[in-house]
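Overview (structure and organization)
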Amino acid sequence: MKPIVRIAPSPTGFLHVGTARVALYNWLFAKKEGGKFILRIEDTDIKRSTAEMTDLIIESLKWLGLEWDEELYFQSKRFHIYKKYAEELLRDGICYPCYCTHNELESRKGIAIAQKKAWKYDRKCLNLSDEDKKGLARMPRALRFFVPEGKIEFDDKLHGKLEKDCSDIEDFVILKSDGTPTYNFACVIDDHEFKITHIIRGEDHISNTFKQILLYQKFGWEPPIFTHLPLILGSDRSKLSKRHGAISVLDYREQGILPEALINFLALLGWSAGEDREILSKDELIDSFSLERLSKTPAVFDYQKLEWMNGEYINKLSDEELLKRISKIGFGSRELNFDREYILKVVAILKERMRKLTDFWELGAYFFKEPKEYDKEGIEKHFKYPETQKRLLLLETRFSGLKDFNLETIEKAIRTTAEEFGIKAALIIHPMRLALTGRTVGPSLFHIVEILGKERVVKRLNKAIKFLR
RNA sequence: GUCCCUAUCGUCUAAAUGGUUAGGACACCACUCUUUCAAGGUGGUAAUACGGGUUCAACUCCCGUUGGGGACACCA
């Protein structure tokens, strides 16, 4: 039987990288086994769910290339189904109405906690007298699942047998007083109706799984195979959250991370192919993926490694493709009124030192804009000799006179000038880089000169000469 | 407080069913290349949490301790 898996994000926020990783593992598993990958939007919390978030989640998944099978499902369109099942359980005495208000619950819970006791729903409404029931009959009520005694266990594909005593589980709500289902309830019904065979999700759901198993048992349904993945942690080893910076998938897009790099990185966060290879394409990931090779321990998200990996992927792109990617995230607020050939040359020279798409501008702004100022330390270092002005002046006239302005003639002009002055070429190269780029670091100067072209070079040299005066 | 999961370099991880000089990658350091910075090349620092068992032999199995993570909503 071909597996059917699903990713079930809640549109109450952006697509978290942790959710993206869970989606990825589900997707990889489905692809590997020739199964189906379903996307189900868990928007049962009508107050907090928004259509905007749904759109962003979809956009994120598409950007990552994690396409889903079948139509897009919304739990909010299935409320009548959950209700029907809930009534069935009510009729069979498997759940009972609860009239406790939020405030009542909070106060009783507060007392328990003040006494350092573990709070669990006290079953007040289970033990209501008939009279009480009559009086409350018209009040809004939630439905609580009556948790039986005993032990619950299930076989987790990664962790093996997991068990819990029912006495540690409270009578949880399955239908809220507004008639909408809670997560655990809707989840079980949908997973059953959609014939989900494997549930691959974060281990923060382990405690939910016990409750869900209880529901499967009462409905007489065969539960799917569970795999609980370790979570992603921030650098302080707590669950990755906003405090740690970028956590939304789209944040990474904005920061110039390539989707294929993010996929590769996320795949290796808690899983390994068992070989000494770090760079794996999607196809290679699918090929070697297996749930058995998942790690059991939470993994710290190492942004530095992501950047390194992204750099590797950037380097493998053709200049054309890289330009396309850079254009997609925009060149910042600046307009780039340069011809394509010119921009491509800049892309080519910057490519190997880029780690993020945004580095394009960080590293090469001067190709498109004259430097406004010179690096302070650079001035002290390379503009301090009075002879520099003379040298640049000679160079400027020499460049102006060049008929062929290419790498060869450029290098020759610089080196012969240095020789004439009886100095090392570096003494010209460094001041020149500062003059042309405003910086002390960057790609090969000869290449910079060539790309900028005679006109800009002469103009910038002039400016520097004036500055030195 | 209660419950659940978990334990190899700083980080991500590899070492089929017990036998390895405990491997790779990121990061870091050094050297090299070089017109600078990256990149590249070469080399290096760095780990089996601790204590008991079982065994000829334990990173690997068992038990404790400690540490780390997670869950305890009419959120998902």
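The rules behind the values
Residues numbered from 1 in each chain as written. Chains lettered and ligands numbered in written order. Predicted model: local features only at pLDDT ≥ 70, side-chain atom pairs only at ≥ 80, totals over all residues. Axes fitted to C-alpha atoms, helices over the stretch in contact; angles between N-to-C directions. Helix = DSSP H or I, 4+ residues; strand = E, 2+ residues; numbered from the N terminus. Parallel < 35°, antiparallel > 145°, perpendicular 65-115°, else oblique. Left-handed = near helix turned anticlockwise from the far one by under 90°. Contact = placed C-beta atoms within 7 Å. Nonpolar A, V, L, I, M, F, W, Y, C, P; charged D, E, K, R; others polar. Near = placed C-beta within 6 Å. Expected span 1.5 Å × (residues − 1). Buried ≥ 20, exposed ≤ 12 C-beta atoms within 10 Å, placed from the backbone.

Right, let's talk about the packing of helix α6 (residues 183–193) against helix α7 (residues 206–219) for a bit. Two numbers describe a pair of packed helices, the interaxial angle and the distance between the axes. Two elements in contact, α6 and α7, have axes separated by 10 Å at closest approach and are oriented at 55°. In terms of axis orientation, α6 runs oblique to α7. Like other packed secondary-structure pairs, α6 and α7 cross with a definite hand, here right-handed. Taking contact as the criterion, the partners of N184, F185, C187 and V188 in α6 are, on α7, N208, K211, Q212, L215 and Y216. Across the contact of α6 with α7, the residue classes tally to 5 nonpolar, 3 polar and 1 charged.

On to the environment of L175. Tracing the chain through its elements places L175 in strand β8 (residues 173–175). Sequence spacing of L175 and R141 is 34 residues, and the spatial spacing of their C-alpha atoms is 8.8 Å. Discounting chain neighbours no more than four positions away, the residues touching L175 are K83, A86, A142, L143, P181 and F185.

Moving on, we come to the protein's contact with RNA strand B. Residues in close proximity to RNA strand B total 64 residues, the closest being S10, E42, Y183, S207 and K239. Sorting the residues of the surface near RNA strand B by element identifies α4 (102–114), β7 (160–165), α7, β12 (299–300), α11 (303–316), α18 (426–437) and α19 (445–468) as the ones contributing at least two each. Residues that form the surface near RNA strand B fall into these classes: 25 nonpolar, 20 polar and 19 charged.

Attention now moves to helix α1 (residues 17–33). If you check α1, its first and last C-alpha atoms are 24 Å apart, about what 17 residues at 1.5 Å a residue would give, namely 24 Å. In terms of burial, α1 is a largely internal element, 14 of the 17 residues being buried. At the exit of α1 stands G34, carrying a positive phi of roughly 70°.

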